[in-house]
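# Analysis of the macromolecular model
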Amino acid sequence: MSATLIDGKAFAATVREKVATHVARLKDEHGLTPGLAVVIVGDDPASHVYVRSKGKATVEAGMKSVEHRLDADTSEEALLTLVEQLNTDPSIHGILVQLPLPGHLNEDLVINAIDPAKDVDGFHISNVGLLGTGQKSMVPCTPLGCLMMLRDHHGSLSGLDAVVIGRSNIVGKPMAQLLLGDSCTVTIAHSRTKDLPEVVRRADIVVAAVGRPEMVPGDWIKPGATVIDVGINRIDAPEKGEGKTRLVGDCHFESCAEVAGAITPVPGGVGPMTIACLLANTVTACCRANSLAEPE
Ligand code: NDP
């Protein structure tokens, strides 16, 4: 491997430390405890794992964590009533509704019912619009974490060619907006992109957010490029024993790491930064709600 490993886990630990310091100051100086409410509907095991780790990290940072676990057959009306209660609860500064929701619930409707000021996932249409027009917004956690790692590695991103593979509302599109905001020349690729390998070969920065295990091989990567692998895919790992699995990204790590200048691992790259940014967004929301200076 010749690439520098971008250690998301270590970086996330420093972000979480800064968050904890800010939380302690809010408590000491203003008697405020930032509060995050996470709502989960149904029994998707992966979602429950995410929610548990978010709750644990929130408490470790000194914040209040509230979890609402609702049955899979919860009505839209009941969910909207809960969101409204959280919107008006002064002890809650951040609200996250874990996606995906069961099919009978309208995700757009539910997300857009969250008070944009408490929308720590940054998925509300107001926040999407603010981000798209370069105004102060709540920024989606996963792309924000990717941007922080890129800025940390490169310093300025100005003028770099960035290719984002994936155009989802939660990763691909906001990632592209953030890179554009940092003056990259941005290409968004997706399943209909013609000659994806050639498109990716132009990139100084590749962000892969596809959800296809090890889809991007090393020979798509421009020598020296930075590869940010957002994908989290569980695949069979017979080498570890019968029925065992392991996590891989959307990029083929070994071959990409031979060519890239820097790369994030999976696990231990983007994932930990996502949670750290969720905590940071909650503190930001608390500061804004109380007209206090925001963390940097
Ligand atoms: P979505 O399924 O919503 O979007 C996937 C995108 O990839 C789509 O835009 C799709 O294109 C595109 N795509 C699919 N197949 C191809 C292909 N063969 N070539 C090019 N593009 C393709 O996924 P998400 O954005 O929600 O998540 C992407 C990955 O990131 C997943 O592995 C997910 O688990 C992971 N993730 C990780 C997080 C973290 O914290 N690390 C947080 C969030 C997600 P089209 O639009 O044309 O269908």
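Residues numbered from 1 in each chain as written. Predicted model: local features only at pLDDT ≥ 70, side-chain atom pairs only at ≥ 80, totals over all residues.

Further remarks concern the overall build of the chain. In terms of helices and strands, the chain carries 10 helices and 11 strands. Its C-alpha radius of gyration of 19 Å places the chain within 12% of the 19 Å reference for a compact globule of 296 residues. Burial statistics for the chain: of 296 residues in total, 43% are counted as buried. (Helix = DSSP H or I, 4+ residues; strand = E, 2+ residues; numbered from the N terminus. Rg over C-alpha atoms; globule rule 2.2 N^0.38 Å. Buried ≥ 20, exposed ≤ 12 C-beta atoms within 10 Å, placed from the backbone.)

Within this structure's numbering, the places UniProt gives as "domain: Tetrahydrofolate dehydrogenase/cyclohydrolase catalytic" (unreviewed entry) are residues 6-121. From the first C-alpha to the last, residues 6-121 spans 24 Å; its make-up is 49% helix and 16% strand. (UniProt positions renumbered as here; feature names shortened; annotations may be inferred.)

In the vicinity of the ligand there are 25 residues, among which G166, S168, S191, G211 and T274 approach most closely. Looking at the shell around the ligand, the element that brings in the most residues is helix α10 (residues 270-289), giving 3 residues. Within the shell around the ligand, the residues separate by chemical class into 10 nonpolar, 12 polar and 3 charged. (Near = placed C-beta within 6 Å. Nonpolar A, V, L, I, M, F, W, Y, C, P; charged D, E, K, R; others polar.)

What follows covers the domain arrangement of the chain. Examined at the domain level, the chain breaks down into domain 1 (30-118) and domain 2 (141-272). Here the C-alpha centroids of domain 1 and domain 2 sit 28 Å apart. (Domains from an automatic or database assignment.)

Glancing now at helix α5 (residues 125-132). What α5 keeps buried is the set N127, V128 and L131. Buried residues of α5, viewed axially, fall in a sector of 105°; they line one side. Looking at the packing, one finds that the buried side of α5 touches α7 (172-181). Once α5 ends, the next one or two residues include G134, with phi positive near 70°. (Arc of directions from axis to C-beta. Contact = placed C-beta atoms within 7 Å.)

Moving on: helix α2 (residues 45-60). A rise of 1.5 Å per residue sets the reference length of α2, with its 16 residues, at 22 Å; its end C-alpha atoms lie 23 Å apart and thus fit the reference within 8%. Every buried residue of α2 is accounted for by K54, A57 and T58. End-on view of α2: buried residues confined to an arc of 105°, all on one side of the axis. In α2, the exposed residues that point more than 90 degrees away from the buried face are P45, V49, K56 and V59. Buried positions along α2 lie against α1 (8-30), β2 (35-41), β3 (64-70) and α10. After α2 finishes, the residue G62 shows a positive phi value of roughly 90°. (Expected span 1.5 Å × (residues − 1).)

This next bit is on the environment of G231. Tracing the sequence through the fold places G231 in the loop between β8 (226-229) and β9 (233-236). Counting along the chain gives 35 residues from G231 to V266, while the straight-line C-alpha distance between them is 7.8 Å. Among residues more than four places away in sequence, those in contact with G231 are A208, A209, V210, G211, G249, D250 and V266.

Right, let's talk about the sheet that holds strand β1 (residues 4-5) for a bit. Spatially, 6 strands are ordered β1-β11-β8-β7-β5-β6 in an open sheet, and the strand pairing comes out parallel. The open sheet has two edge strands with one neighbour each: β1 and β6 (185-189). Pairing between β8 and strand β11 (residues 262-263): 2 bridges, direction parallel. Bridged to T226 within β11 is A262. Here helix α6 (residues 141-154) sits on the sheet and contacts β7 (205-208), β8 and β11; the angle it forms with β8, its principal contact strand, is near 160°. (Pairing = 2+ DSSP bridges. Axes fitted to C-alpha atoms, helices over the stretch in contact; angles between N-to-C directions.)

The element strand β5 (residues 161-165) is largely enclosed, with a buried count of 4 among its 5 residues. Direction of pairing for β5 relative to β6: parallel, over a ladder of 5 bridges. Looking across to β6, one finds that I165 is bridged to A189. The parallel pair β5 and β6 is bridged by α7, and the resulting crossover is right-handed. In terms of strand pairing, β5 meets β7 through 4 bridges, oriented parallel. Each bridged residue has a counterpart across the sheet, and for A162 the counterpart in β7 is I205. (Right-handed = clockwise from strand over helix to strand, strands pointing away.)

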